[in-house]
Amino acid sequence: MSLLIKNGEIVTADGRAHADVLCEGETVTRIGTNLEAPTGARVIDATGKYVFPGFIDPHVHVHLPFMGTFSKDTHATASQAALVGGTTTFIEMCAPSRHDDLLEGYAQWKEMAEGQSACDYAFHMAVPRFDDRAAAQLREVVADGTTSFKVFLAYKDFFGVDDDELFGALTLARELGVITTAHAENADLIAKLQARLLAEGKTGPEWHEPSRPVSVEADGVHHFATFLEATGARGYVVHLSCAAALDAALAARRRGVSLAIEVVAPHLLLDASYAERPDFEGAKWVMSPPLRTKADARALWHALQAGLIDTVGTDHAPFDAGEQKVMGKGDFTKIPNGIPGIEERVKLLYTYGVSRGKLDLHRFVASASTNAAKLFGLFPRKGTIAVGADADLVVWDPAQRSIISAADHVMNVDYSGFEGMEVDGRADLVSVRGVVQVEDGRFVGAPGRGQLLRREPEHV
């Protein structure tokens, strides 16, 4: 089985060239000009189009128990939506609660994805509690090839860890050579602010952001960084949303803390006014950390353009507006948190970063693919176009124009957080390890093509 992509412009994080790409079996075998197609090869003419490495979403929730309900996507729908958007690998948060057995939860997440995902996938393993039993189980998870943890400094008594547990988890992460991702807020302070707002009769979705102000997130980032510094562990802040939290992360870096920074598409492109829409419509845009000000979004864009932000993910969390978000009517703390976005991330970043903004094409590829591959043990198998790399390729047509609508999307959710937004460009053709999964912007491939990507720890 061979695939030859001819006449396109290959763009990676550190280079670009007009050249052909030959894929044989599951890998890239040749890159050059005027390559001849082997007998029986499929030939794709990419004239006038970019050829990108498959994009990687480092922050996805497919199965997520939250606020008494479960996210709507299956691994089949989420993975096909990812591919239509150009994402060939996602890293899902395996998120059992502190009341669950960690190994049983890990087995459950793997079982749900196996044979169902159309693209490749990996996991971040949540650490909702830390004790001797959890430590032993986490060692087994790492030995199985899941080499990143997730801690929540929020959602107390469900996902969240206390300081003793955080110190223990990071100490183990340092020993095992794994990176720890963190939802950085302050659970105790959020609980106090929520209780005060509800007591004052402030119950609508517009009060979600005031219950988790920027100071709470900035404090959470500083707190996490302090524990990284004390333990020597490597860290990664997920969905950083505001200038104050960015300042805290960059200050930690300046004093030598190993801390990577992720932003997600909603915080780049939306603002708090969406969650303030009347008649409970704002519930569609309730996520944590919340949507912030336009000034915060500008600060994130500037940092991304400057290379200070490492990755752009989605925090994809699909909860129906009509059946699930309404659980929080009369009490904003019960609104399932999250905005769906796995299908739209790459188009939005290309449009408002590259096409209509100041984001360099190479920075675009780095933040949407390569940096995640490097941080999470997938590079150079993923995240680049090179001989020996997996043949995960995206043929991108920059001339396409469309408007985002829930009526057209593949995700199994009843609304889009980006409804009506114009987008430039489209993933015309997408391959996963040499097999075409998307053609003419539509999923045409094998529903169970995806594989669990087992990774090696990084000892430094």
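Draft legend 1. Spotlight on helix α3 (residues 132-143). The end-to-end C-alpha separation of α3 is 17 Å, in line with the 16 Å expected for 12 residues at 1.5 Å each. For α3, the full list of buried residues reads A134, A135, Q137, L138, V141 and V142. Summarising the axial view, the buried residues of α3 lie within an arc of 165°, below the 170-degree limit, and thus occupy one face. For α3, exposure combined with an orientation more than 90 degrees from the buried face picks out D132, R133 and A143. The inward-facing, buried residues of α3 abut α2 (102-113), β10 (120-126), β11 (148-152) and α4 (163-176). Sitting at the head of α3, D131 places a side-chain oxygen 3.2 Å from the backbone nitrogen of R133. Note on α3: the residue one or two positions beyond its end, G145, has a positive phi of about 100°.

Draft legend 2. Broad picture of the layout of surface pockets. By volume, the largest pocket amounts to about 480 Å³. Lining the largest pocket are 20 residues; nearest its centre among them are V84, E343, K347, D408 and G441. Residue assignment for the lining of the largest pocket shows that the elements contributing at least two residues are β16 (393-403), β17 (422-432) and β19 (442-443). Top contributing element to the lining of the largest pocket by residue count: β16, with 4 residues. Of the residues contributing to the lining of the largest pocket, the split by class is 6 nonpolar, 6 polar and 8 charged.

Draft legend 3. Seen up close, the side chain of R433. Along the chain, R433 turns up in the loop between β17 and β18 (435-439). With a relative accessible area of 0%, R433 lands in the buried category. At a separation of 2.6 Å, a polar atom in the side chain of R433 contacts the main-chain carbonyl oxygen of R449. Ignoring anything within four residues of it in the chain, the contact list for R433 reads G25, E26, D120, R381, K382, D390, A391, D392, R449, G450 and Q451.

The rules behind these values
Residues numbered from 1 in each chain as written. Predicted model: local features only at pLDDT ≥ 70, side-chain atom pairs only at ≥ 80, totals over all residues. Heavy atoms only, no water. Helix = DSSP H or I, 4+ residues; strand = E, 2+ residues; numbered from the N terminus. Expected span 1.5 Å × (residues − 1). Buried < 20%, exposed > 50% of the residue type's maximum accessible area, 1.4 Å probe, protein only. Arc of directions from axis to C-beta. Contact = heavy atoms within 4.5 Å. Polar contact = N/O pair within 3.5 Å; in protein donor to acceptor, adjacent residues only side chain to side chain. 1 Å grid on protein atoms, 1.4 Å probe; cavity = no way out; pocket = protein on both sides within 12 Å on 5 of 7 lines; lining within 4 Å. Points joined across faces, edges and corners; volume = space filled by probe spheres on them. Nonpolar A, V, L, I, M, F, W, Y, C, P; charged D, E, K, R; others polar.

Interpretation in functional terms is not warranted from these geometric data alone.
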